[in-house]
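# Survey of secondary and tertiary structure
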Amino acid sequence: MAIETSPLQRIRINVIHEPAVVPMTPRKRDICLNFGIPPRESPHVIAENLDVHLGAGRIILLSGPSGSGKSSVLRHLSDQLDKPLWVGRSAFPANRPLIDAVAPREKLSVALEVLTACGLGEPRLWVRRFCDLSDGEKFRASLARAIGAALCNPSPGAILCDEFTAILHRRAARAIAHNLRKLVTRHGLTLIVATTHDDITADLQPDETVRLGGMQPELLAHIPKDRVVSLRRGACIERGSVRDYRTFSPMHYRNRDGLGFVDKVFLLREAPGKDPLGILVFAHAPRELALRNRATEGRFTRNMRRLNRELRILRRLVMHPDVRGCGLGHWFVQNTLPLVGVRFIECLAVMGAVNPVFEKAGMTRIGRCALPPGRMKLLERMREMKLDPFAPDFHRTIGRYPRVRELVKKTIRDWVAAMHSGNRYDVECRTPIELSRAFRQLIGDPPMYYLWDRDEEYPGRAMQPADLEPTGPSHGDRANPHEPQRAKRDRGKDRHHPAGDGSMKPRRRSRELE
């Protein structure tokens, strides 16, 4: 998004701190006598005749140790601004989810962009109330709310934040600083932050930095550049195992799904020996997908040998919440695809509708999968029965009415069979709460389909550009008329590990990750 250049607003900083007169007390008298301290401190010049320049797409950083006057300078700047937006001073609506409090007049995609940039990239947090967040999450939510308010205003004021990222893990602070630099530039915002931490400067890339606490205040000007996040410089990719996924499973919005027949697992670490920042899981792919057949011109139709030899599915990409949105995810995918050892990699991702991580990694978005057969009838039937799967007492409805329980169990069984998962999800031994959780995950919008071809031959020219840009929730996937019959015929016959030569060799099933 191009930002029109506008004249910069020059603000001169003159801040003198004059301590208030404190009444003399016996203890104060003793301190003054014992340490030779005057009863009243002399005025202290914090900053004098320093000019900062504000404008669209600019960031001003106030840095220095605690007590150096950053907050005083920030308040001085606020007094000279029109309609400043302070982080943490806007109350959140009571008993409303976080997603409704951030950029409420903008599109949902804008709100998600802001939340992710501020370090809140987990869907489970988007539906929580502000009062249910941790202290670190509350800071990030307040930051997102202020930015959202600026985006909703045609002539927004500057956003001011004191103690910027002070209570956050330093890894998260660096990622958020990098994200805000992109966000401010993209949307033409103005951001003024004060912090004691210098480790975020390289990622924040402020246009001007005011350094306080030295012999004389310093004003440093910079030219922001399109840099990668500093976390990437020492990052390394290494092989992992299904056991490593247990750490990341709770961080995924569909953490209860099975992984299928896993082929390879890769870990992303900040540096060798450091904690992992992300994980990629590649597995053997389902037998038939209509969008795969369209994109590859039927290359894998009824050809299990070729499918097992040439193609894998990217089953999971999970990044640590601290580093989401800063570009590490697509870099991780992009550099891992050639390591899998096959020509084709495909991916089904619901989040693809709002996060282009796989496209940035070099995969082609083919389209949105069609709704599974019977899905529309299922939803209509639930409406007729006046059932709301997102009602808080839906699990009680499952436990109370056998008809509803059978409907839910059948939907889950059909999904397990269609996905050809190597992990049995035995619905008969599940509690109503477990069934309701699984059911909610299956009735949402169908995922986007992505394909990567090492040889760059597919998708071929036969696919029209319109085929690659779906326009509706179920657009982009014209199902093969023979597919339902094939799925029914092949159901229950796929519990094997396809070897590279197409032979059926048994393999130990991956453990269910719940």
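Residues numbered from 1 in each chain as written. Predicted model: local features only at pLDDT ≥ 70, side-chain atom pairs only at ≥ 80, totals over all residues. Heavy atoms only, no water.

### Considering the packing of aromatic side chains
Here the structure, examined in full by the defined rule, presents seven aromatic pairs. Here the aromatic rings of Phe-92 and Phe-130 are separated by 4.1 Å at their centres, their planes lie at 10°, and the arrangement is stacked. With Phe-92 in the loop between β4 (85-86) and α3 (108-117) and Phe-130 in the loop between α4 (123-126) and α5 (135-152), this residue pair connects regions lying 38 residues apart in the sequence. The class for Phe-130 is partly exposed, based on a relative accessible area of 23%. For the pair Phe-139 and Phe-164, a centre-to-centre distance of 6.4 Å together with 65° between the ring planes defines the contact as edge-to-face. Note that Phe-139 is positioned in helix α5 and Phe-164 in the loop between β5 (159-161) and α6 (170-187), a separation of 25 residues in sequence. According to the relative accessible area criterion, Phe-164 is buried, its value standing at 0%. Among the aromatic residues, those joined into a ring-pair cluster are Phe-300, Phe-344 and Tyr-458. Residue placement shows Arg-145 over the ring face of Phe-92; its charged tip is 5.2 Å from the ring centre. Between the NZ or CZ atom of Arg-239 and the centre of the ring of Phe-266, over which it lies, the distance is 5.4 Å. (Phe/Tyr/Trp six-rings, centres within 6.5 Å; stacked < 30°, edge-to-face > 60°. Helix = DSSP H or I, 4+ residues; strand = E, 2+ residues; numbered from the N terminus. Buried < 20%, exposed > 50% of the residue type's maximum accessible area, 1.4 Å probe, protein only. Lys NZ or Arg CZ within 6 Å of the ring centre and 35° of its normal.)

### Here we look at the confidence of the model for the protein chain
The predicted model of the protein chain has a mean per-residue pLDDT of 84, with 84% of residues at 70 or higher. Per-element mean pLDDT across the protein chain ranges from 32 in strand β16 (residues 497-498) up to 97 in β5. Considering only residues more than four positions removed or in separate chains, one finds that residues 469-514, a stretch of pLDDT under 50, has 102 contacts. (pLDDT = per-residue confidence, 0-100. Contact = heavy atoms within 4.5 Å.)

### Here we look at the sheet that holds β5
In space, the six strands of this open sheet follow the order β4-β5-β6-β3-β7-β8, with mixed pairing throughout. A strand with exactly one partner marks an edge of an open sheet, and here the two such strands are β4 and β8 (218-221). Two elements, strand β3 (residues 58-63) and strand β7 (residues 208-211), share four bridges in a ladder whose sense is parallel. Counterpart to Leu-62 in the pairing with β7 is Val-210. (Pairing = 2+ DSSP bridges.)

### Quick word on the packing of α5 against α6
Closest axis-to-axis distance for the α5/α6 pair is 12 Å, and the angle between their directions is 5°. Judged by the inter-axis angle, α5 sits roughly parallel to α6. Contact residues: Arg-140, Leu-143, Ile-147 and Leu-151 in α5; Ile-176, Leu-180, Leu-183 and His-187 in α6. Here the contact of α5 with α6 is composed, by residue class, of six nonpolar, one polar and one charged. (Axes fitted to C-alpha atoms, helices over the stretch in contact; angles between N-to-C directions. Parallel < 35°, antiparallel > 145°, perpendicular 65-115°, else oblique. Nonpolar A, V, L, I, M, F, W, Y, C, P; charged D, E, K, R; others polar.)

### Considering the environment of Cys-326
Within the secondary structure, Cys-326 sits in the loop between β12 (311-319) and α11 (328-336). Using a relative accessible area of 2% as the deciding quantity, one classes Cys-326 as buried. Counting along the chain gives 148 residues from Cys-326 to His-178, while the straight-line C-alpha distance between them is 6.4 Å. Sequence-distant contacts of Cys-326, defined by excluding residues within four places in its chain, comprise Ala-175, His-178, Asn-179, Lys-182 and Val-229.

### Some remarks on α6
Note that an α-helix has 3.6 residues per turn; residues three or four places apart therefore point the same way. In this model, α6 (18 residues) spans 26 Å end to end at C-alpha, consistent with the 26 Å of a helix rising 1.5 Å per residue. Taking burial as the measure, the 18 residues of α6 include 13 buried ones, the bulk of the element. Downstream of α6 by one or two residues, Gly-188 has phi in the positive range, about 70°. (Expected span 1.5 Å × (residues − 1).)

### A closer look at the sheet that holds strand β13 (residues 344-349)
Through backbone hydrogen bonds, the strands of a sheet pair up, either in parallel or in antiparallel fashion. The seven strands lie next to each other as β9-β10-β11-β12-β13-β15-β14, forming an open sheet whose pairing is mixed. Across the chains shown, the open sheet's two edge strands, defined by having one partner strand only, are β9 (236-239) and β14 (364-368). Across the sheet, the axes of successive neighbouring strands diverge by a mean angle of 25°, strand direction being ignored. Contacts from α11 reach β9, β10 (262-269), β11 (276-283) and β12 within the one sheet, and its direction differs from that of β11 by about 45°.

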